[in-house]
Amino acid sequence: LAQWVNYEGYRAMYESGSADRLGLLIWMSHACWPSMTWQCYDYYFEPTAAFFGCKKACEPLHIQWNALSGNVEVVNRSAGLQQALTASCRIMDLKGNTLSSSSRKLSCNEDSTVVCQQVEFPEDSTRVYVVKLELREAEEGALLSENTYVQPASDGSRLQLLQLPQVGLSTSCS
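This text gives an overview of the structure that appears in the document. Keep in mind that this is a model prediction, so the values were computed, not measured.

Reading the values: the criteria
Residues numbered from 1 in each chain as written. Predicted model: local features only at pLDDT ≥ 70, side-chain atom pairs only at ≥ 80, totals over all residues. Heavy atoms only, no water. Pairing = 2+ DSSP bridges. Helix = DSSP H or I, 4+ residues; strand = E, 2+ residues; numbered from the N terminus. Axes fitted to C-alpha atoms, helices over the stretch in contact; angles between N-to-C directions. Parallel < 35°, antiparallel > 145°, perpendicular 65-115°, else oblique. Left-handed = near helix turned anticlockwise from the far one by under 90°. Contact = heavy atoms within 4.5 Å. Nonpolar A, V, L, I, M, F, W, Y, C, P; charged D, E, K, R; others polar. Buried < 20%, exposed > 50% of the residue type's maximum accessible area, 1.4 Å probe, protein only. Patch = residues over 30% accessible without salt bridge, like charges linked within 9 Å, V, L, I, M, F, W, Y side chains within 5 Å. Areas by Shrake-Rupley, 256 points an atom, 1.4 Å probe, with all protein chains shown as cover. Salt bridge = Lys/Arg side-chain N within 4 Å of Asp/Glu carboxyl O. Expected span 1.5 Å × (residues − 1). Phe/Tyr/Trp six-rings, centres within 6.5 Å; stacked < 30°, edge-to-face > 60°. Arc of directions from axis to C-beta.

A closer look at the pairing of strand E4 (residues 98-108)
The two faces of a sheet get side chains in turn, since along a regular strand they alternate between them. In this structure, strand E3 (residues 82-92) lies alongside E4, joined through nine bridges in antiparallel fashion. When the sheet's bridge partners are listed, Ile-91 is paired in E4 with Ser-100. Taking the residues that link successive antiparallel strands as the turn, the E3-E4 hairpin has five residues, and the phi of Gly-96 there is positive, at about 90°.

Here we look at the packing of helix H1 (residues 2-16) against helix H2 (residues 49-57)
At a minimum axis distance of 7 Å, the contact between H1 and H2 shows a crossing angle of 30°. By the angle between their axes, H1 is roughly parallel relative to H2. Helix-helix and strand crossings are classified by hand; for H1 and H2 the assignment is right-handed. Contact residues: H1 offers Gln-3, Asn-6, Tyr-7, Tyr-10, Arg-11, Tyr-14 and Glu-15, while H2 offers Ala-49, Ala-50, Phe-52, Gly-53, Cys-54, Lys-56 and Ala-57. Residues that form the contact of H1 with H2 fall into these classes: eight nonpolar, three polar and three charged.

Regarding the sheet that holds strand E6 (residues 128-137)
Ordered by their spatial adjacency, four strands build an open sheet running E4-E3-E6-E7, and the pairing between neighbours is antiparallel. Both outer strands of the open sheet, E4 and strand E7 (143-152), are each paired with one neighbouring strand and no more. Pairwise comparison of adjacent strand axes, ignoring direction, gives a mean angle of 15° for this sheet.

Let's talk about unusual backbone geometry
Non-glycine residue Ala-84 carries a positive phi angle of around 55°. Of note, Ala-84 is situated in strand E3. Residue classification places Ala-84 among the partly exposed residues on the basis of a relative accessible area of 35%. In this structure, Asp-111 takes a positive phi of about 55° despite not being glycine.

Examining a nonpolar patch on the surface
On the surface, Leu-1, Trp-4 and Val-5 cluster together into a nonpolar patch covering about 310 Å² of accessible area. Tracing the chain through its elements places Trp-4 in helix H1. Judged by relative accessible area, which is 31%, Trp-4 ranks as partly exposed.

A short note on H1
Since one α-helical turn is 3.6 residues long, residues separated by three or four positions face the same way. Relative to the 21 Å expected for 15 residues at 1.5 Å per residue, H1 spans 21 Å between its end C-alpha atoms, a close match to the ideal helical length. Among all positions of H1, only Ala-2, Asn-6, Gly-9, Tyr-10, Arg-11 and Glu-15 are buried. Contacts made by the buried residues of H1 are with H2, strand E1 (61-66) and E7.

Here's the deal with the packing of aromatic side chains
Across all of its chains, the model carries five aromatic pairs by this definition. Judged by centre distance (5.0 Å) and plane angle (85°), the rings of Phe-51 and Phe-52 are edge-to-face. Assessed through its relative accessible area of 37%, Phe-51 is described here as partly exposed. A residue is classified by how much of its surface remains accessible, and Phe-52, at 41% relative accessible area, is partly exposed. Ring centres of Trp-65 and Tyr-149 lie 5.8 Å apart, and the angle between their planes is 70°; this geometry places the pair in the edge-to-face category. Placement of the pair is Trp-65 in strand E1 and Tyr-149 in strand E7, with a sequence separation of 84 residues. Here Trp-65 and Tyr-149 have matching classes, each one buried.

Digging into H2
Along H2, the positions that sit buried rather than exposed are Ala-49, Ala-50, Gly-53, Cys-54, Lys-56 and Ala-57. One side of H2 holds all its buried residues, which, seen down the axis, span an arc of 165°. Check the buried side of H2 and you find it contacts H1, E1 and E7.

Pasting the structure below:
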């Protein structure tokens, strides 16, 4: 859970800075003692999930959901002029069933943010939704960027996540 909080928090901070490109300075992005949250790398210099959240949010060409406006955005930091792209959004329940989907074709200049579409959630205030975003080349369909968000219903509760069944994991090595 601490790693998920790290990933979500750092990704959100860097994604929010994409609109005006004013930069972001994080104080104490590393731990001077063992800690579970708010660190890009831990006491032993191993990267935490926060590092990967930063890496995801700072892609040269990035698709994201702006929770404040409710819009899907494509952020082109340094990928040059990008034409003939397709941005798609799927809203799913926690079992992976698609509840709604939409897509839009777009182009974007370098150092720009393009608003694609508004995300509309179903009218059920007790559910938690998964928002899956993909940015692809329109012609060849190559995946350029993807992003996933876990969004609670209108009451802001993520309690439904506690009801997910436990998964048994096993590994083997040869």
